[in-house]
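Close look at the chain arrangement
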Amino acid sequence: MSKIIAFSNQKGGIGKTTSAVNIAACVAHLGKKVLLCDLDPQGNATSGVGISKKTENTIYEALVGRVEPQEAVIKTEFDNLWCMPSNISLAGAEFEFVDIENREFRLKGVLDAIRDEFDYIFIDCPPSLGILTLNALATSDGVIVPMTCEYYALEGLSQLMISIRQTKKFYNPSLEITGLLVTMYDRRLNLTKQVLEQLEKYYGDKIFKTKVVRNVRLSEAPSHGMPVIYYDEHSKGASLYNDLAKELLKRI
């Protein structure tokens, strides 16, 4: 049975989707069978692995029961990597789920039907703490929290940790923090050092040793519909995410 890991942070623009796509691709590149589940209506993880957002069978259709979960899984052109795509139609799920019984477990029902087919399932959550993110947390074994070294990020982290504790208490007792992932890292900034000190004080060994710095090739890769390890395997971004994938596998 696969391990399910959610990438979650309600703050946008912090490298969440970039991390979900590239860690998924690197874990797959290391020989594991991986499913990338795009739970963000923006569908950036979908296009990030070269799949059109106009695809008919998306995770939305699976969540509302229009198609079987297997029908919403697409093989990417990359080794051992599959995707459950998303597009803007998923935005309506927040409203459609209001009157549905056990709405917190819709995603769990979808993934339980296919999780035996993969080694790892990575979920790219939307930048919010709504019903979609709750669905992801309710079915996941662990959560990776990508974040930048900024004070607003620290404030958002506190809110996210409260949501994780509540989900663990009411919906998913086995949910754990897999790790905090520092993105857009710049060791030259005093602010970076100060925020990192705070993170290490309260979260210690939960912080991934590998930190992702800004990298041009990493920024370019999504526009080509490719994870960075395939866009430029010799780039700094590819090296860092490959190291993160190895660190994650050891941690799990």
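The model shown is predicted, which means the values in this text are computed figures rather than measured ones.

What counts and how
- Residues numbered from 1 in each chain as written.
- Predicted model: local features only at pLDDT ≥ 70, side-chain atom pairs only at ≥ 80, totals over all residues.
- Heavy atoms only, no water.
- Buried < 20%, exposed > 50% of the residue type's maximum accessible area, 1.4 Å probe, protein only.
- Helix = DSSP H or I, 4+ residues; strand = E, 2+ residues; numbered from the N terminus.
- Contact = heavy atoms within 4.5 Å.
- Pairing = 2+ DSSP bridges.
- Salt bridge = Lys/Arg side-chain N within 4 Å of Asp/Glu carboxyl O.

**Some words on helix 6 (residues 131–139)**
The buried count for helix 6 comes to nine of nine residues, which makes it a mostly enclosed element. Buried within helix 6 are the following residues: Ile 131, Leu 132, Thr 133, Leu 134, Asn 135, Ala 136, Leu 137, Ala 138 and Thr 139. Close packing links the buried residues of helix 6 with strand 1 (3–7), helix 4 (93–96), helix 5 (106–112), strand 5 (120–124), strand 6 (142–147) and helix 7 (151–170).

**Topic: the pairing of strand 4 (residues 81–84)**
Because side chains alternate across strand 4, one face comprises the buried residues Leu 81 and Cys 83, and the other comprises Trp 82 and Met 84, equally buried. Alignment of strand 2 (residues 34–38) against strand 4, held across four bridges, turns out to be parallel. Paired with Leu 36 across the bridge in strand 4 is Cys 83. As paired elements, strand 3 (residues 74–75) and strand 4 share two bridges and run antiparallel to each other. Note that in strand 4 the partner of Ile 74 across the bridge is Cys 83. Adjacent in sequence and paired antiparallel, strand 3 and strand 4 are bridged by five residues, among which Asn 80 carries a positive phi angle near 60°.

**Regarding the pattern of salt bridges**
Any two side chains of opposite charge can pair, on the condition that their charged atoms come close. Counting across every chain of the model gives nine salt bridges. Where Asp 141 meets Arg 115, a salt bridge forms, and the shortest distance between an N and an O atom there is 3.3 Å. Of this pair, Asp 141 sits in the loop between helix 6 and strand 6 while Arg 115 sits in the loop between helix 5 and strand 5, placing them 26 residues apart in sequence. Connected via shared salt-bridge partners are Lys 108, Asp 112, Arg 115 and Asp 141.

**Quick word on the side chain of Lys 16**
Along the chain, Lys 16 turns up in helix 1 (residues 16–29). Leaving out residues up to four positions away in the same chain, Lys 16 has contacts with Phe 7, Ser 8, Asn 9, Asp 40, Asp 124, Cys 125, Pro 126, Pro 127 and Pro 146.

This is a description of form; function is not addressed.
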